[in-house]
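Descriptive analysis of the structure
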Amino acid sequence: MTERREWVFGMHRVHFEEPDILYVDFKGATGLDDAKRLLSIVQEAAVQGPVFVIVDINGSTIDKAAREHFSKESSPERLRGVVYVGTNRLQMASAKAVAFALYLTGRLKGDVDFVTSDQAARELVERKRAKAAGGR
């Protein structure tokens, strides 16, 4: 059995699920310090290889400085893909702005997807794994 790695900063919680999922639960305001902390966690989690990052943004907001930091400092070699979970239009618009900036800067090579539930995010990751392994 593998040890579950978990991080808490402010109201935000992050945990790593074997083999390659970093699950992020943002609650409340997300600022620049939070963005820096999350990117350091992604770096730590991706030591063995790139990870899928599932980000639950329900109940959160992200300020401009944090969005810009994610866009400028994310490392594409650490990410297999990012899946945003949320239903609030404003939150999803912020997430899409980050994703668009990552694509424009070449800092994301994997996909960015948007789903409405945790279950849908996990099913999507499973499909992506199967596709990468040569399945359909």
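Just above sits the structure.
Here goes a summary of the coordinates provided. Everything numeric here is computed off the predicted structure, so don't read it as measured data.

Further remarks concern helix H3 (residues 89–105). For H3, with 17 residues, the first-to-last C-alpha span of 24 Å sits near the 24 Å given by 1.5 Å per residue. Taken together, the buried positions of H3 are Gln-91, Met-92, Ser-94, Ala-95, Val-98, Ala-99, Ala-101 and Leu-102. Immediately beyond the C-terminal end of H3, within one or two residues, lies Gly-106, with a positive phi of roughly 75 degrees.

Attention now moves to the pairing of strand E3 (residues 21–25). Among the five residues that make up E3, four are buried, leaving the element largely enclosed by the rest of the structure. For strand E2 (residues 12–17) and E3, the ladder comprises five bridges, and the chain directions are antiparallel. Bridge pairing in E3 places Phe-16 opposite Leu-22. As consecutive antiparallel partners, E2 and E3 are separated by three residues. Pairing analysis gives five bridges linking E3 to strand E5 (residues 51–56), with the strands arranged parallel. Residue pairing for E5: Asp-25 is matched across the bridge by Asp-56.

Cut-offs and rules
Residues numbered from 1 in each chain as written. Predicted model: local features only at pLDDT ≥ 70, side-chain atom pairs only at ≥ 80, totals over all residues. Heavy atoms only, no water. Helix = DSSP H or I, 4+ residues; strand = E, 2+ residues; numbered from the N terminus. Expected span 1.5 Å × (residues − 1). Buried < 20%, exposed > 50% of the residue type's maximum accessible area, 1.4 Å probe, protein only. Pairing = 2+ DSSP bridges.

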